[in-house]
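So the chains spell out like this:
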Amino acid sequence: MGGGVDVPRSSSYPMVEVAAAVDIVLLQAERVLEGEHVGLEEVAGRVLFEDVLAQGDVPPFRASVKDGYAVVQSEGPGIYDVSGEVTAGERPGTAVGNGKVAYVTTGAPVPDEADAVVQVEWTKPAAEPGKIEIYTGAPKVGHDIRPVGRDVRKGQTILSAGEEVHMAEVGLLATCNVRNVRVYKNARVAVLSTGDELVEAGGELGFGKIVDSNRPMLLAAVGSVGGIPVDLGIAADEEQAVTSAFMEAMVKSDVLITSGGVSMGNKDFIKPLLAQYGTVHFGRVMMKPGKPLTFATIEPNAFSEGVPSSRKLVIGLPGNPVSCFVCFHLVVSPLIRKLSGFRSPHNPRVMVRTKMELKLDPERPEYHRALVSWDVGQHALTAVTTGTQASSRLLSARSANGLLVLPRADRTLPVGEEVEAILIGQILR
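Quantities reported herein were computed from a predicted structural model and do not represent experimental measurements.

Asker: Would you mind going over the sheet that holds strand β29 (residues 418-423) with me for this structure?
Answerer: Remark on secondary structure: sheet strands pair via backbone hydrogen bonds, oriented parallel or antiparallel. Strand order around the closed barrel formed by 5 strands is β23-β26-β25-β27-β29, with mixed pairing between neighbours. Between one strand and the next, the sheet's axes are offset by a mean angle of 55°, whatever the strand orientation. Of the pairings in the sheet, the one linking strand β25 (residues 366-375) to strand β27 (residues 402-406) comprises 5 bridges and is antiparallel in character. For H368, the partnering residue across the bridge sits in β27 and is L404.

Asker: Would you explain the sheet that holds strand β18 (residues 255-259) in this entry?
Answerer: Spatially, the 6 strands line up as an open sheet ordered β17-β14-β18-β22-β21-β19, and their pairing is mixed. Looking at strand neighbours, the two that pair on one side only are β17 (228-235) and β19 (279-282), the edges of this open sheet. Between one strand and the next, the sheet's axes are offset by a mean angle of 20°, whatever the strand orientation. Direction of pairing for strand β21 (residues 294-298) relative to strand β22 (residues 312-317): antiparallel, over a ladder of 5 bridges. Bridge pairing in β22 places A296 opposite V314. Helix α4 (residues 239-252) contacts β14 (188-194), β17, β18, β21 and β22 of the sheet and is inclined by roughly 165° relative to β17. The sheet contacts of helix α6 (residues 321-339) involve β14, β18 and β22, and relative to β22 the element is tilted by about 170°.

Asker: Can you help me understand unusual backbone geometry in this one?
Answerer: For residues besides glycine, phi is generally negative; the peptide bonds are generally trans as well. Here V58 and P59 are connected by a cis peptide whose omega angle stands at -5°. Mapped onto the fold, P59 is located in the loop between β3 (52-53) and β4 (63-64). A cis amide bond links K288 with the next residue in sequence, P289, at an omega value of -5°. Within the secondary structure, P289 sits in the loop between β20 (284-286) and β21. Positive phi, close to 55°, is recorded for D144, a residue that is not glycine. Position of D144 relative to the elements: it lies in the loop between β10 (131-134) and β11 (145-146). Even without being a glycine, N301 presents a positive backbone phi close to 55°.

Asker: Looking at this structure, I do not really get the packing of aromatic side chains. What am I missing?
Answerer: Here the distance between the centres and the angle between the planes together describe a pair of aromatic rings. In the structure shown here, the tally under the stated rule is 3 aromatic pairs. Centre to centre, the rings of Y69 and Y103 are 5.4 Å apart; their planes meet at 65°, and the pair counts as edge-to-face. Highlighted residues: Y69 in strand β5 (residues 68-71) and Y103 in strand β7 (residues 100-104), separated in sequence by 34 residues. Under the relative-accessibility criterion, Y69 is labelled buried at 10%. Their ring planes at 35° and their centres at 5.9 Å tell us that F282 and F295 sit as a pair that is tilted. Pair noted here: F282 is in strand β19 and F295 is in strand β21, with a separation of 13 residues, a long-range link. Classification of F282 as buried rests on a relative accessible area of 2%. You can call F295 buried: its relative accessible area is 0%. The ring of F342 carries the charged tip of R337 above its face, separated from the ring centre by 4.0 Å.

Calculation criteria
- Residues numbered from 1 in each chain as written.
- Predicted model: local features only at pLDDT ≥ 70, side-chain atom pairs only at ≥ 80, totals over all residues.
- Heavy atoms only, no water.
- Pairing = 2+ DSSP bridges.
- Helix = DSSP H or I, 4+ residues; strand = E, 2+ residues; numbered from the N terminus.
- Axes fitted to C-alpha atoms, helices over the stretch in contact; angles between N-to-C directions.
- Contact = heavy atoms within 4.5 Å.
- Phe/Tyr/Trp six-rings, centres within 6.5 Å; stacked < 30°, edge-to-face > 60°.
- Buried < 20%, exposed > 50% of the residue type's maximum accessible area, 1.4 Å probe, protein only.
- Lys NZ or Arg CZ within 6 Å of the ring centre and 35° of its normal.

Below, the structure is given as structure tokens:
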């Protein structure tokens, strides 16, 4: 291992715009993860690694569309003997034709001799037991019969590589007799907090100590976007402790997220260590909050101890909780989704009308935590602030479902101004 790192007193990293920072991160995530096979009970929310083909015809037999009577269409209206009944799941063994019909239920196989189904509403019981009167005949051959393969043909591509699987897709897979599919692996995302002042939630708070809120929040966030969270705990503000945590992440994860240690203090070791063992792609971002946001890549076997690893992506988040919250939604979430195969990894963006005045920052664009809702009276999406936006005040993130993208300017936005919002939750009604 090296002989230590020097923590600079001023940043050598140029300020990059948020859009450029996100592009840099996603470009480094071009090499998405490999595929794995999962069953239907695990596939929801995953992205398909390869095309899925139907394993059989749907339906696999001629099926009745309605409850009614299987008939020979050319025989038309009249009084018929009911030769039997065919219900769903049964093999038909009743005669049809030459004055005979068979009662069939919805989804039941249609007897071979029949070429149409007359719905039960077009019939009535005949005076003689065991007979039925059909007063409106089937208008054409094939009426109310789903032919073999009407919905899906065997070998047909039912879902394509890159598609996300939701409830409808799960149902389609089951319908086509597909039990297992190949999906992109979910990214293993290690989360590390740094700081001598941090203690675990529920622990004793000595003088000068604070609870580590970032790590539990980030671990939960990783899981919410499909990543596999890996808890690396808290590292002390010591070079050796942080380096050891890095080495552990090289073995256990695809992505490492750190919180704290990316500013200009004499115990902020994250950036110097990333520069020593990898490539820092940016170290400052033009945004509020979250300016010290850092992104780096570490190549395989970068540590002299020969720690076995593959190429890793590292995002260093600021220590302030709200900065972590905002940076996760802007950068980390798209990264995890990109690695997991999502074609469009970004959060949706909408235009909203402000319901209060907003003072803009003259130096940096701000990502203002807000509640976005549908205003019936205005027939528009509106947004209201979550309160004081200090980067240490996590209450401003509570219940927030949007980040207002406020431009850099020395002025105040009036009520009713249209601004862009990044959705991070369900729109309120």
